[in-house]
Amino acid sequence: MINLMKTRLFSLIFIALLFSWSSLSGQNNALDFDGDGDYITLTPINGFPTGPVSDFTVEMWFISKATGITPTDCSSGFKRLFALGDASNQTLFEVGECNGFLSVFWFTNPAANLVQMTTTIRDNQWHCLSVVRSASNLDVWLDGNVVLNDPTIAGTHNISTFVVGHGLANGFNPTPGEDWLGGIDEVKLWDFALSPAQLTACSSCVLTGAEAGLVAYWQFDQGVAGFNNTSITQALDATTNSNNGTLHPSTANPDHGFILMGPTSNFVSSGAALVYPNYNNLFLSIDDPFQLIGIPWICNGDAVHFSLFDTNLNTPQPAGGVTVDWYYSDDAWLNSTQIPSLSGFQFVVPANGATLVNCPNNPFGYVDREFRAIITVTNGNGTCMYTSQSAQLRIYCEVTQADVTILTSPISPPLCEGDQVTFNVMVNTNLPYPGPTNDVHIDWEMSTGGPWTSLSQYADQSGFTYPPTGTFTVGTQDVCFRATVSNQACASLTGQKCVHVDPNPVCGSITGWPIPTPTNLTLISTTPWLIYEICPGEAAALEIDPSTSFQNCNPQWQYSFTPPSSWIDLGFTNPVQNTNILPTSSWGSYTSIYYQIQCNPLSNPSGCDPCLSNLIEIRLKPTLPIPVIAAVPSTQTICNGDMITLYSSNDPGTIQTTWYCNGEVIGTGPSVPVYKQACYWSEATNGCSTVKSDTFCLKVCTATAKITCPDDNPCIIPNVPITINGLFSFSDCGPIIQYDWEVEFLPDPPGPIYFFSGPTITFTPPAGGAIVTLTVIDAYGCSHSTQAFFKPCQP
């Protein structure tokens, strides 16, 4: 998003810079001298040797406007271009013109000499001049040619003053006819003798002012040519020596000196054969593209704003014959690369353009890239190239990788609640790890399910062991570490890694469904687990006991015929599990099936073991055998009035028995008492099937005792033997096998009792008669007694 306010600010600044590009660099000015007190003085000369010197160079461009003839010995009318010397005038060196010829005068007490050259300079042309003293040799170059080579100069000069346009012999007083009349440009004072190859006077390119040995350099590109420049009091020095020359008139002679207004005695357009504009000493400012605030660094590929400024903080403007080429270097200009996409004095460098550096394997995480411009100016005077000052921009590599790795010991992930481990944490990044030679930083944080906690003790470490001593007991949440890798101007990148932790599974219980009376299931035992019985072919269901719960896990129903192994999974999460998923017809030879829930940890794989619910066994109710009836006592025949108990052979604990007598229910339970002659049977059921026993028929025997007397007359004659029998006694269960008799005589009081056996007995009754009791016993032991009273017959 573009900030409109910033864009407007940038536009206004840009427009202001356009109009602030002054003529100082854009125009070539010279200083016009009217020959009447127009001169420049410099004293002291900063940077120039203070003792005796024999080596120096003065260079300049000039044009002579002098007229008239002076004495040939130049005793008057010697119009000085410049003079070097000291206040005592004990040493003096002057150059000027006499009668149109270039002339040199030097005085080194007591030696003195005047040399006049033969080349006229009154030709209304600009000339370039180099005056070089090297020890005892004096060379004068005019327009690139040696016009004087004098090896006889003697002595040395004490130079503390430099004057342009005036001589030193008469101090700074006006010397009519001896001040320079004409124009001067590009004045250079060197503190050593330039070699022919080093001469610069005739070069069409202006210097930077930073050249070695250049003590003072007046370019005169000040003010506005021909306009009011009266505010200017100095000729500005282009070197760093602050050798600004003072423009005269002197206060002692206010009527003489520079007028600084109009076409003469002022700054005027130069006719010197120089290439302009002058783009020396431009410096580069690299700014934020929206705020125009200088920035020392950016992230790789960010957009920036380039601006070139001169020493007056003005931005040069495009001009004809001017090209601006841009270069960068990543190795302090040992090598450089042109940036074809860039040109001009100020512009926005687009993103991913010239600020894009090669970051892979960069050992510092940044590149110190220097930028500079080479400005080429071409006009009729030639071609000059100007190199701006370079500006360094630290370009930080973006963070593209922040991969966190975690190793745990002695247990490898995944972990389970309660595990005690040590974490070995590392981050891998595309940048070098933090160190004294880079600005990479790593900030560590840790979370166990809650807010992130700073691990400031591990700041700027690529890896660490946590905790530093001992072990860490994990809870129920994942343990996470994250590293935020930053590199100064670039966006930070955060990577994180978690070690998965499963909470310990918690198992509930299972039971028959529904509680409390499961359908088709009969609870027969609670130890060692719940044991139910079920009828073959019937279906039932189990459920999770609602009073319990399964936590931190996924419940998986399982069954097995052969626990504790061979468990087979049935399904997840069902609160109710039908047992008929595996019908009893497929049980094969097994008579029990076992169910449980294995509650698996929430993740797979997991560091936790599954938990197990309780075990339920469902047994098939066995096929009932045919009941066998047993009688106690063991007989199928009883005597009338006796009773026996019938028992069923089935388990009374699991089987219900119903007793029948000739088809009528006479009782339930494992036994029943019987006494009637009938057929009995039992029916046994286990809830699944009913079986009938064989019929048990009970015979009830009845014996009948019968006493028979002769003639069927129980009357007796006392003291007369009588024979009686029991032959007519009988039993429905077979013959009578035993006859037992009791004969009680009845005297008064009662008489004795006599016992007899056999079917027939004879006894002699007394006068009181007798009571006879017969007891008969049949083959089954059944007995019966009868009694008869034998009374005496009446006479």
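Read on for an overview of the structure. Source: prediction; values computed, not measured.

With respect to the overall build of the chain
Per the secondary structure count, the chain includes two helices and 65 strands. Here the C-alpha radius of gyration of the chain, 71 Å, is well above what a compact globule of 795 residues would show, namely 28 Å. Dimensions of the chain along its principal axes, counting C-alpha atoms only, are 240 × 45 × 45 Å. Of all 795 residues assigned to the chain, the portion counted as buried reaches 47%. Considering only contacts within the chain whose residues lie at least 6 apart along the sequence, 65% involve residues at least 24 apart. Only carbon and sulfur atoms are counted for the fraction: they give 54% of the accessible area of the chain, which is about 36,600 Å².

Structural notes on the pairing of strand β50 (residues 644-648)
Counting buried residues in β50 gives four out of five residues, a clear majority hidden from the surface. Examined bridge by bridge, strand β48 (residues 629-632) and β50 share four bridges and lie antiparallel to one another. Opposite Ala630, over in β50, you have Tyr647 as the bridge partner. Where β50 and strand β53 (residues 671-674) come together, four bridges link them in antiparallel fashion.

A word on the sheet that holds strand β35 (residues 479-487)
What the four strands build is an open sheet, ordered β32-β31-β35-β36; its pairing is antiparallel. Looking at which strands have only one partner, the edges of the open sheet turn out to be β32 (453-454) and β36 (490-499).

Regarding the nonpolar core
In terms of nonpolar packing, the biggest core is built from 74 residues, with Phe306, Trp326, Ile375, Phe423, Trp444 and Phe481 touching the most fellow members. Per-element accounting of this core gives the leading share, five residues, to strand β25 (residues 366-379). Every residue in contact with Phe306, bar those within four places of it in the chain, is listed here: Leu284, Ser285, Ile286, Trp326, Leu342, Phe345, Gln346, Phe347, Val349 and Phe371. Counting residues in each nonpolar core, the second largest holds 46 residues, with Phe48, Phe56, Leu129 and Val215 among its members.

Thoughts on the state of the cysteines
Applying the stated rule across the entire model yields twelve disulfides. The partner cysteine of Cys359 in its disulfide is Cys397, sulfur to sulfur 2.2 Å. Given an S-S torsion of about -95°, the disulfide between Cys359 and Cys397 has left-handed geometry. Within this pair, whereas Cys359 is found in the loop between β24 (346-349) and β25, its partner Cys397 is found in the loop between β27 (391-396) and β28 (402-409), the two being separated by 38 residues in sequence.

Considerations on the side chain of Ser729
Mapped onto the secondary structure, Ser729 falls in the loop between β59 (722-725) and β60 (730-731). At a separation of 2.7 Å, a polar atom in the side chain of Ser729 contacts the main-chain amide nitrogen of Lys706. With sequence-adjacent residues up to four places away left out, Ser729 is seen in contact with Thr704, Ala705, Lys706, Ile736, Tyr739, Leu774 and Val776.

Points about the packing of aromatic side chains
Applying the stated criterion across every chain yields a total of 33 aromatic pairs. Relative to Phe347, the ring of Phe306 has its centre 5.7 Å away and its plane inclined at 50°; by these criteria the two rings are tilted. Taken together, the positions of Phe306 in strand β21 (residues 304-309) and Phe347 in strand β24 put the pair 41 residues apart, joining distant regions of the chain. Taken as a pair, Phe306 and Phe347 share a single burial class, namely buried. Taken together, the aromatic side chains of Phe423, Trp444, Tyr458, Phe464, Tyr466, Phe472 and Phe481 make up a single cluster linked through ring pairs. Across the ring face of Tyr328, the terminal group of Arg369 is positioned such that the distance to the ring centre comes to 3.7 Å. Over the aromatic face of Trp333 sits the side chain of Arg372, whose NZ or CZ is 3.7 Å from the ring centroid.

Section: the sheet that holds β48
Reading across from one edge, β48-β50-β53 is the order of the three strands in this open sheet, with antiparallel pairing throughout. Strands at the two margins of the open sheet, each flanked by one partner only, are β48 and β53. The sheet shows a mean angle of 25° between the axes of neighbouring strands, direction not considered.

Quick look at the pattern of salt bridges
Summed over all chains, the structure comprises nine salt bridges. For Arg369, the salt bridge is made with Asp330, and the minimal N-O distance between the two is 2.8 Å. Of this pair, Arg369 sits in strand β25 while Asp330 sits in the loop between β22 (322-329) and β23 (337-338), and the two are 39 residues apart along the sequence. A salt bridge links Arg394 to Asp439; its shortest N-O distance comes to 3.6 Å. With Arg394 in strand β27 and Asp439 in the loop between β30 (420-429) and β31 (440-447), the pair connects residues that are 45 residues apart, well separated along the chain. Three or more residues joined by partner-sharing salt bridges are found here, namely Arg80, Glu94 and Glu178.

Re the environment of Gly641
Along the chain, Gly641 falls in the loop between β49 (637-639) and β50. The spacing of Gly641 and Ile534 is 107 residues in sequence and 45 Å in space, taken between C-alpha atoms.

Describing unusual backbone geometry
Pro516 follows Ile515 through a cis peptide bond whose omega is 10°. Within the fold, Pro516 resides in the loop between β38 (510-512) and β39 (522-525). That bond from Thr527 to Pro528 is cis: its omega, -5°, falls within 30 degrees of zero. Assignment of secondary structure puts Pro528 in the loop between β39 and β40 (530-534). Positive phi is not limited to glycine here, since Asn99 has a value of about 60°. As for its position among the elements, Asn99 is in the loop between β6 (91-98) and β7 (101-108). For Ser265, which is not glycine, the phi torsion reads 50° and is therefore positive. Relative to the helices and strands, Ser265 is located in the loop between β17 (245-247) and β18 (267-269).

Quick notes on the side chain of Ser592
One can find Ser592 in strand β45 (residues 592-601). Relative accessible area serves as the criterion here: at 10%, Ser592 is assigned to the buried category. Within polar-contact distance, the side chain of Ser592 engages the side chain of Glu617 at 2.7 Å. Those residues in contact with Ser592 that sit more than four places away from it in its chain are Phe561, Trp587, Glu617, Ile618 and Arg619.

Conventions and cut-offs
- Residues numbered from 1 in each chain as written.
- Predicted model: local features only at pLDDT ≥ 70, side-chain atom pairs only at ≥ 80, totals over all residues.
- Heavy atoms only, no water.
- Helix = DSSP H or I, 4+ residues; strand = E, 2+ residues; numbered from the N terminus.
- Rg over C-alpha atoms; globule rule 2.2 N^0.38 Å.
- Buried < 20%, exposed > 50% of the residue type's maximum accessible area, 1.4 Å probe, protein only.
- Contact = heavy atoms within 4.5 Å.
- Areas by Shrake-Rupley, 256 points an atom, 1.4 Å probe, with all protein chains shown as cover.
- Pairing = 2+ DSSP bridges.
- Core = buried A, V, L, I, M, F, W, Y, C linked by side-chain atoms within 4.5 Å.
- Disulfide = S-S within 2.5 Å.
- Polar contact = N/O pair within 3.5 Å; in protein donor to acceptor, adjacent residues only side chain to side chain.
- Phe/Tyr/Trp six-rings, centres within 6.5 Å; stacked < 30°, edge-to-face > 60°.
- Lys NZ or Arg CZ within 6 Å of the ring centre and 35° of its normal.
- Axes fitted to C-alpha atoms, helices over the stretch in contact; angles between N-to-C directions.
- Salt bridge = Lys/Arg side-chain N within 4 Å of Asp/Glu carboxyl O.

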